[in-house]
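Listed below are the residues making up each chain.
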Amino acid sequence: MGVGIYLFGRVKDSCDATEGNCTSRFAPLLLVLLGGLYFAWLFCARSRIEMTAALIEQAVVVVSTHPAIFLASAALLLLMVGMLIFSIAALILLVASNLTLTAEPIEGGCQFEYQSRSGSALMYALLVAFLYWSVQLCMTVRFYVISLVTGIWYYENESLAAQEGALSDKQHTRYPVCTALHAAFGKGFGTIAFSSLIVAICEFLKAMARREGRNGGLIGCVVALCIQC
């Protein structure tokens, strides 16, 4: 904003010293307007900024208190990479199963032809669905673990029971990361798997709606309205 005011003053002085059309002297006022809008946005968003800063501060405290979250996240990342490798290997095997030798082997190599067999399209669709769902599953498990560890930390430090000193030493509060992983891959795995499937379907519909919306398709508009509802 200050730069815009300074440039406006300099351009105005130059225009006063010359003759002719000098409507361009108002161009620096755009910087002043943008600066005013920026400060207005900061004024309106100050409460959200304070909330975000408080959440970041608490996240740092949680991570520093339970650094095993990094190990759990790394393990889940390796699991996701393993699923990706498995899916790619399955895709290669599926493509190789549709290749047929079209001629007798000759010196220097063989000639192959790709022939789509019955059910290959379904297998490709299932493989892609498994790949996308497995990625969503790993991300949902990670979100579940981090959320549960954060909840246990809040219960131990910020809850009313913690302030009154009425908490007792329990196994799940001593090792919250292990508790979260045990719950994620134990009793809560079915719920997590189903929720990740719902998220994967919604993300697929959202992507399809965006693509159809860019092309002006009616299906994209209908899907977008359904997702918003």
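Residues numbered from 1 in each chain as written. Predicted model: local features only at pLDDT ≥ 70, side-chain atom pairs only at ≥ 80, totals over all residues. Heavy atoms only, no water.

Some details on helix 4 (residues 68–97)
What counts is decided by this rule: In this text, helices come from DSSP runs of H or I with a minimum length of four residues, and strands from runs of E with a minimum of two, each type numbered from the N-terminal end. Helix span is expected to be 1.5 Å times the residue number reduced by one. Relative accessibility decides the category of a residue: with a 1.4 Å probe and only protein chains considered, values under 20% of the type maximum give buried, values over 50% give exposed, and everything between is partly exposed.
Along its 30 residues, helix 4 runs 43 Å from first to last C-alpha, staying within 8% of the 44 Å computed at 1.5 Å per residue. Considered for burial, the residues of helix 4 that qualify are I69, A72, L76, M80, M83, S87 and L94.

Comments concerning the packing of helix 5 (residues 120–157) against helix 8 (residues 176–184)
The test is simple: Fitted lines through C-alpha atoms give the axes, limited to the stretch in contact for helices. The angle between two N-to-C directions lies from 0 to 180 degrees. Roughly parallel here means an angle under 35 degrees, roughly antiparallel means over 145, roughly perpendicular means 65 to 115, and every remaining angle is called oblique. Crossing handedness: left-handed means the near helix sits turned counterclockwise from the far one by under a right angle, and right-handed means the same turn made clockwise. The contact definition used throughout considers only heavy atoms, calling two residues in contact when any of these lie within 4.5 Å.
Contact geometry of helix 5 with helix 8 gives a least axis separation of 9 Å together with a crossing angle of 140°. Judged by the angle between their axes, helix 5 and helix 8 are oblique. When you trace helix 5 past helix 8, the crossing you get is right-handed. In contact with V141, Y144, V145, L148, V149 and I152 of helix 5, helix 8 contributes P176, V177, T179, A180, L181, A183 and A184.

Some points on the UniProt feature "transmembrane region" (unreviewed entry) in the protein chain
How we decide: UniProt positions are given in the numbering used here, feature names are shortened, and annotations may be inferred rather than shown by experiment.
As annotated in UniProt, the feature "transmembrane region" (unreviewed entry) corresponds to residues 26–44, 76–101, 122–155 and 184–205 in the numbering used here. Helix and strand shares over residues 122–155 are 100% and 0% respectively, and the end C-alpha atoms of the span are 48 Å apart. Secondary structure content for residues 184–205 is 82% helix and 0% strand, while the C-alpha to C-alpha distance between its ends is 27 Å.

Quick notes on the confidence of the model for the protein chain
The line we're drawing: The predictor's confidence in any single residue is recorded as pLDDT, a number from 0 to 100.
Mean pLDDT for the protein chain: 75, with 64% of residues reaching 70 or above. Here helix 1 (residues 2–16) stands out as the element of the protein chain with the lowest mean pLDDT, 53, in contrast to helix 8, whose mean of 88 is the highest.

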